[in-house]
Structures are given as structure tokens and as C-alpha cells.
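Descriptive structure summary
Spelled out, the chains give:
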Amino acid sequence: MALIALVDCNNFYASCERVFEPKLEGKPIVVLSNNDGCVVARSNEAKAIGIAMGTPIHECKALVRQHGVIVRSSNYALYGDMSNRVMSLLSKYSPNQEVYSIDESFLDFTGIIDPISHATTLKADIRKCTGIPVAVGMGATKTLAKLANYCAKKLEPWKSGGVCNLSNLETSELHKLMSTIAVGEIWGIGFRISRQLEALNIFTVYDLIAADPKLLRRHFSVVIERTVNEIKGISCIKFEDVAPNKQQIIASRSFGELVTELEDLEAAIATHISRAVEKLRRQQSTASILTVFIKTNPFRQQDAQYHPHKSVALVLPSNDLSVFQKAANEALRSIFKTGYWYKKAGVMLQGIQSNQVQQSDLFAPEPEPIREALMMTLDKINRQFGRGTLVSGTELLGKKWQMKQELRSPRYTTCWAELPMVK
């Protein structure tokens, strides 16, 4: 019988902040979104005092002062590196691993004689080697593994140990447990669908699997039918050892302050192009269509609004940074207008295909092998010494566009100048 485990890092961003500052253990922590706007992550202590996800930080000032909440800007370099360390360790515990998100990974535990012991050892190893606490949920399908992980985080008796295996339960026990879990906690059922289900008197997980299939089919898409089968132990969502290549890559970000100058926009677009094309090369792909967009702030009604975009089709698919930088500059200059206060810029790559598939063009110059070697060297240096070690000159043109990170902790593991000091 198949057994899938979901390993989920507990309050991942907040836990990363605690790894190098143990004094923060037990204190309420919140992590802010880009430009220090809204709460995007909370420790259990911050949740307990009533700070809600997505709340603008200025609306939480009273709670922050009253409870001594630690506020941090998002430290993506730290979180990404810690995630890589966790995922690398997890790969030792299963021959098949699917990294689902920055803080979640599915593992194939099929055939493991004592999965509870295996998961407990895994949990202790991750904590010892990275400092990150995790919860492990196990079930016959991905959806059941997700549900088990919820139990391991929220419900006793599993909560204290952080490990739950729903496959160990008798059918009657499992149904009794499911009758205590709200239907909205099921993987893939969001707020809107859960409200629709509740209107049909389906309030719990058990209510869902006991519901009339014809009723569900009449009101919902095949996705709900698939979810019900998954909860019943019938696998409908395949295990992907290797994540499929992205068919669209978007890189964008709001600015730390409004900008009006072309060179600031050029620097922002150049930075986004660099990151998007690096992702393209990482998945060994090329792209043939580039879209550049810039936006004013729609919430500033006193300002004139302007939200243009420009798409460019390359003669030949490419993953060469200079090819995209040149195309992006031309596209940006064609849509840029003075007199506007710009808040956001970004790029999108489409027409993505494997770099092993190349169709020549009679009138286009042949790609130079030295350019491919140059891109490989660029990626290697930036991986070894940290993103941004080598950048294009255009990326250095302006600084106003860069996001606010006034409360960011040091990049302890990826920046030489910010390594922790031992005294």
C-alpha cells in the first residue's frame, strides 16, 4: 500500500529568524511583505495575540507595542538558502522526493517498515542540522498526507510529537477524526468553495466524503470529485519526482518608492530579466517571447494612471542574458512616458521550450558557443558567492526602485559581510 509523507516546516519564515537569534524563541514574531507592507508570516505566539495574516503592519502597532512583537522584513536570501538545506536533508529519507514549496516536501514512504520511527528520526535530524522545526503527516494519498500534517500541527495527541500517520487508524477512528476537522482545512478547498459546501450542509471532512456524489457533481467541478477520492484513499494526484518545467516565468516587484526616471526603470527591468533568465537556464530551457510591463500606483487616485506593456518575439529562442537585456531595453523605451509616478515593473517569459530543441533561421546569426560558456560561468559564480555577485551594468543605474527592507535580519548564510560572528 502506498504511503506518502508531507514534511512541512513550522512557521518557516519566523523559524528561520530564530535559528541565528535563539533569544527570539518563545517571543511573537511577524515577517513583512515586500516594502514592509503587510504581515506574511507569524509565529504561533503572534497568532495567539490576534495578529492576522495579511494585516497591514501599521494597523498592528498597538499589538506590537503591547506584546513586544519582533518585526522583521522578508529576508528571501536567508529563507531560500535554509529551504535548500532542509530539502537536501529530506532527500536522504526517501528515494522519491517532490519539493512542493519553499517549506513543504512530499516524500514516498512506501515500503518503510516503521514509518512513525522513520518520520521521528527525520524530524529530529532536520532540527539538529538546521534548527528548523517540522511536522510530518502521512497517508495513502497526497491529500491525506496534507490532512495528516494538519493534525500533526494542530491536534492532540499528534501535536506534541509532530508526527501523524492516518494510515494507522481504523476506518471508524479515521471517520471520527474527520468529523472534527472543518472542510476548509482540506488541501485545495479555499474560502469560496468551503462556503459553498457549507451552504449544502457540508461542514467537516467526513461530511464531504459522506455526501451524495451526484450532488457534488451537480454543484462543483471534477476537482472536488478528485479531492473526495483522495480523502477516501484513492490516489488521483500523481507523485512528481521532478517538478515540471515552468511554461511561463514572471519576475516583478513593487518599488520601495515611486520612480519617475527611465534609468530607475531600466535598472529594475534589468534585475528582473537577470533573475527570470537565470531560472530559464536552471531548467535548461529557452524562451522566444518577452513581455515588459510598468505600472503606476492604482491606490493613488490623485495620480494619473498608466499601465502599459510590450511583447517582443525573438528571432530565435534564447536563454542569453544579453539578448533579453537588449530586447527589454527596447521594449521599455517604447512604452515609457514622462510625467507618471511608477510603482511597479516586471517581465514575463513565454514560448518556453527545452534548450535541446533548436530550430535554425536562415537569416539569424548562429548562437556563439562562447556565449553559452559565459552564461554557465555567470551562474556558477552567483551560485557560489551569492546572487548579485556578478550583474549587468544596467542593473546598477538606479537605486530608488529597490524595495524597502528596513527591518531585515542579516543574510547569515549567503553574504560574506553578514556572516554571524562568534565572540
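Residues numbered from 1 in each chain as written. Predicted model: local features only at pLDDT ≥ 70, side-chain atom pairs only at ≥ 80, totals over all residues. Heavy atoms only, no water.

**Thoughts on the overall build of the chain**
Each helix and strand in the chain was counted, giving 15 helices and 13 strands. Its C-alpha atoms give the chain a radius of gyration of 24 Å, near enough to 22 Å, the size a compact globule of 423 residues would have. Seen through its C-alpha atoms, the chain measures out along the principal axes to roughly 70 × 60 × 50 Å. Of the contacts formed within the chain by residues at least 6 apart in sequence, a portion of 68% connects residues at least 24 apart. Per element, the accessible surface of the chain, about 22,600 Å² overall, is 53% carbon and sulfur. (Helix = DSSP H or I, 4+ residues; strand = E, 2+ residues; numbered from the N terminus. Rg over C-alpha atoms; globule rule 2.2 N^0.38 Å. Contact = heavy atoms within 4.5 Å. Areas by Shrake-Rupley, 256 points an atom, 1.4 Å probe, with all protein chains shown as cover.)

**A look at the pairing of strand S5 (residues 97-101)**
Pairing geometry for S5 and strand S6 (residues 104-108), over 4 bridges, is antiparallel. From the neighbouring strand, Glu-98 faces S6, where its bridge partner is Phe-106. Counted along the chain from S5 to the antiparallel partner S6, the turn is 2 residues long. (Pairing = 2+ DSSP bridges.)

**Considering the sheet that holds S6**
Pairing is mixed across the open sheet formed by 5 strands, whose spatial order is S5-S6-S1-S7-S8. Looking at which strands have only one partner, the edges of the open sheet turn out to be S5 and strand S8 (163-165). Each adjacent strand pair in this sheet contributes to an overall mean axis angle of 15°, direction not counted. Sheet strands touched by helix H5 (residues 115-130): strand S1 (4-9), S6, strand S7 (134-139) and S8. Its angle to S7, the strand with the most contacts, is close to 160°. The strands touched by helix H6 (residues 142-154) are S1, S5, S6, S7 and S8; relative to S7, the strand with the most contacts, the crossing angle is about 140°. (Axes fitted to C-alpha atoms, helices over the stretch in contact; angles between N-to-C directions.)

**Section: the nonpolar core**
Among the nonpolar cores identified, the biggest contains 34 residues, and Leu-265, Ile-273, Leu-290, Val-292, Phe-324, Tyr-342 and Leu-349 are the most heavily contacted of them. For Ile-273, the contacting residues outside a window of four places in its chain are Leu-290, Leu-321, Phe-324, Gln-325, Ala-328 and Val-347. (Core = buried A, V, L, I, M, F, W, Y, C linked by side-chain atoms within 4.5 Å. Buried < 20%, exposed > 50% of the residue type's maximum accessible area, 1.4 Å probe, protein only.)

**Considering the pairing of S6**
With 5 of 5 residues buried, S6 lies mostly within the body of the structure. What you see with S6 is no split at all: Glu-104, Phe-106 and Asp-108 on one side and Ser-105 and Leu-107 on the other are buried throughout. Across 5 bridges, the pairing between S1 and S6 is antiparallel. The residue of S6 that forms the bridge with Val-7 is Ser-105.

**Topic: the packing of helix H1 (residues 12-19) against helix H4 (residues 76-90)**
Following both chains from N to C, one finds H1 and H4 inclined at 95°, their axes separated by 10 Å at the closest point. Classified by the angle their axes make, H1 and H4 are roughly perpendicular. Contacts between H1 and H4 involve Phe-12, Tyr-13, Cys-16, Glu-17 and Val-19 from the former and Tyr-76, Leu-78, Tyr-79, Met-82 and Ser-83 from the latter. Class assignment of the residues belonging to the contact of H1 with H4 gives a composition of 8 nonpolar, 1 polar and 1 charged. (Parallel < 35°, antiparallel > 145°, perpendicular 65-115°, else oblique. Nonpolar A, V, L, I, M, F, W, Y, C, P; charged D, E, K, R; others polar.)

**Some thoughts on the packing of aromatic side chains**
For the coordinates displayed, the defined rule picks out 11 aromatic pairs. The interplanar angle of 70° and the centroid separation of 5.7 Å between the aromatic rings of Tyr-100 and Phe-106 together place this pair among those described as edge-to-face. Exposure remark for Phe-106: the relative accessible area of 0% places this residue in the buried category. Geometrically, the ring pair formed by Tyr-100 and Trp-187 is edge-to-face, given 5.5 Å between the ring centres and 85° between the ring planes. With a gap of 87 residues between them, Tyr-100 in strand S5 and Trp-187 in the loop between helix H8 (171-178) and helix H9 (191-199) connect regions that are remote in the sequence. A connected cluster of aromatic rings, assembled from ring pairs, spans Phe-12, Tyr-13, Tyr-76 and Tyr-79. Between the NZ or CZ atom of Lys-142 and the centre of the ring of Phe-106, over which it lies, the distance is 4.9 Å. (Phe/Tyr/Trp six-rings, centres within 6.5 Å; stacked < 30°, edge-to-face > 60°. Lys NZ or Arg CZ within 6 Å of the ring centre and 35° of its normal.)

**Side note on a nonpolar patch on the surface**
A cluster of nonpolar side chains, namely Phe-385, Trp-416 and Leu-419, defines an oily patch on the protein surface of about 360 Å² accessible area. Structurally, the position occupied by Leu-419 is in the segment after helix H15 (369-385). (Patch = residues over 30% accessible without salt bridge, like charges linked within 9 Å, V, L, I, M, F, W, Y side chains within 5 Å. Salt bridge = Lys/Arg side-chain N within 4 Å of Asp/Glu carboxyl O.)

**Looking at the sheet that holds strand S4 (residues 70-72)**
Within a sheet, neighbouring strands are paired by backbone hydrogen bonds and run either parallel or antiparallel to one another. As summarised here, the arrangement of the 3 strands in space is S3-S2-S4, forming an open sheet in which the pairing is mixed. Edge strands, defined here as strands with exactly one partner in the open sheet, are strand S3 (39-42) and S4. Here the average twist between neighbouring strands, direction ignored, is 25°. In this structure, strand S2 (residues 29-32) lies alongside S4, joined through 3 bridges in parallel fashion. Bridging across to S4, Val-30 finds its partner in Val-71. Contacts between H1 and the sheet are confined to S2, S3 and S4, with S2 contributing the most and set at about 110° to the helix.

**Notes on the environment of Arg-218**
Mapped onto the secondary structure, Arg-218 falls in helix H11 (residues 213-219). Arg-218 gets classed as exposed once you look at its relative accessible area, which sits at 62%. Taking the C-alpha atoms as reference, Arg-218 lies 27 Å from Leu-177; in sequence the two are 41 residues apart.

**A word on the side chain of Asp-108**
Checked against the element boundaries, Asp-108 lands in strand S6. No salt bridge is formed by the buried Asp-108. Its closest oppositely charged neighbour is Lys-142, at 11 Å. A distance of 2.7 Å separates polar atoms of two side chains, one belonging to Asp-108 and the other to Thr-110. Contact partners of Asp-108, with chain neighbours within four places excluded, come to Leu-3, Ile-4, Ser-94, Pro-95, Asn-96 and Phe-239. (Lys, Arg positive; Asp, Glu negative; His and termini not counted. Polar contact = N/O pair within 3.5 Å; in protein donor to acceptor, adjacent residues only side chain to side chain.)

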